[in-house]
Amino acid sequence: MNFKAFAVLALFALSACAGDNKWATDAQMAAPSAHYVAEPPRSITLFTVQSTRNGSGAHSGLLINASEQVMFDPAGTWYHPYLPERGDVHYGVTPKMVSFYIDYHARETFNVIEQTVVVTPEIAERVKQRAEAYGSVPSAQCAHSVSSILHGVPGFEAISGTWYPNKLMKEFGQLPGATRKVITDDDADNNHGVLMVQAEHAVTQ
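Residues numbered from 1 in each chain as written. Predicted model: local features only at pLDDT ≥ 70, side-chain atom pairs only at ≥ 80, totals over all residues. Heavy atoms only, no water.

Trainee: Teacher, can you tell me more about the sheet that holds strand S2 (residues 57-65) here?
Mentor: The pairing of strands in a sheet happens through backbone hydrogen bonds and is either parallel or antiparallel. Within the open sheet, the seven strands sit side by side as S4-S5-S3-S2-S1-S6-S7. Their pairing is antiparallel. Of all strands in the sheet, those bounded by a partner on one side alone are strand S4 (85-86) and strand S7 (179-183). Note: S2 against strand S3 (residues 69-72), four bridges, orientation antiparallel. Bridged to Leu62 within S3 is Phe72. The strands touched by helix H6 (residues 165-173) are strand S1 (43-51), S2, strand S6 (110-118) and S7; relative to S1, the strand with the most contacts, the crossing angle is about 140 degrees. (Pairing = 2+ DSSP bridges. Helix = DSSP H or I, 4+ residues; strand = E, 2+ residues; numbered from the N terminus. Contact = heavy atoms within 4.5 Å. Axes fitted to C-alpha atoms, helices over the stretch in contact; angles between N-to-C directions.)

Trainee: Whenever I open this one, the pairing of S1 confuses me. Can you help?
Mentor: Regular strands show a simple pattern: their side chains alternate between the two faces of the sheet. For S1, a buried count of nine out of nine residues is recorded, marking the element as mostly surrounded by other parts of the structure. Taking every second residue as pointing to the same face, both faces of S1 are buried, with Ser43, Thr45, Phe47, Val49 and Ser51 on one and Ile44, Leu46, Thr48 and Gln50 on the other. Pairing of S1 with S2 involves eight bridges; the strand directions are antiparallel. Along S2, the bridge assignment pairs Thr48 with Ser60. Between S1 and S2, which follow one another and run antiparallel, lie five residues, and Gly55 among them has a positive phi close to 80 degrees. Two strands pair when backbone bridges link them, and S1 and S6 are joined in this way by nine bridges, in the antiparallel orientation. Its bridge partner being in S6, Leu46 is matched across the sheet by Gln115. (Buried < 20%, exposed > 50% of the residue type's maximum accessible area, 1.4 Å probe, protein only.)

Trainee: Sorry if this is basic, but what is going on with helix H4 (residues 121-134) here?
Mentor: What sets the pattern is the α-helix's 3.6 residues per turn: residues three or four places apart point alike. Taking 1.5 Å as the rise per residue, H4 with 14 residues should run 20 Å; its terminal C-alpha atoms sit 20 Å apart, in good agreement. Of the residues making up H4, those classed as buried are Ile123, Ala124, Val127, Lys128 and Ala131. Down the axis of H4, the sector holding all buried residues measures 140 degrees, keeping them to one side. Every exposed residue of H4 that faces more than 90 degrees away from the buried side is listed here: Pro121, Glu122 and Ala133. (Expected span 1.5 Å × (residues − 1). Arc of directions from axis to C-beta.)

In structure tokens form, the structure reads like this:
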């Protein structure tokens, strides 16, 4: 098997990147809980799910703290019944929901690398609008979609178009002022029950 064919198969084997297509109703989007304004400063946070076994990148997600805080989780498998979702953008993302997102991905076989850069309100809004306009992402294209959204935005010149979460993580880390945090968890590898547990918790802060 040649390298290109192997790379394509590897991409589609990433368990964290599974395509989906959800579109919340107007009524769901109009609910007060569907919108959350986080504290300043405005920021962009890249989450990279990385294997603890071989260091390979399994998934990329983008938390956007703009006029409202949203999570762009391209081809992701995480969801919460209280959060409306349109085109892989989750709305109403409170700090508790961010914790839920991290807890869902971090387990004995995967770490979560959290990288954040502070941006102006205008840049944050621009990234948010680009994520909303991108639409639902096909399977195994998480890093490609995130890098496409960031590429060309002022301040994100180091981001090129890439299909690989680790490459995107490395480029994001080269941005001026980027912070980095590694989150580990010893939960069992099977995380299907995490969504059920999260859904039972109230959304209050």
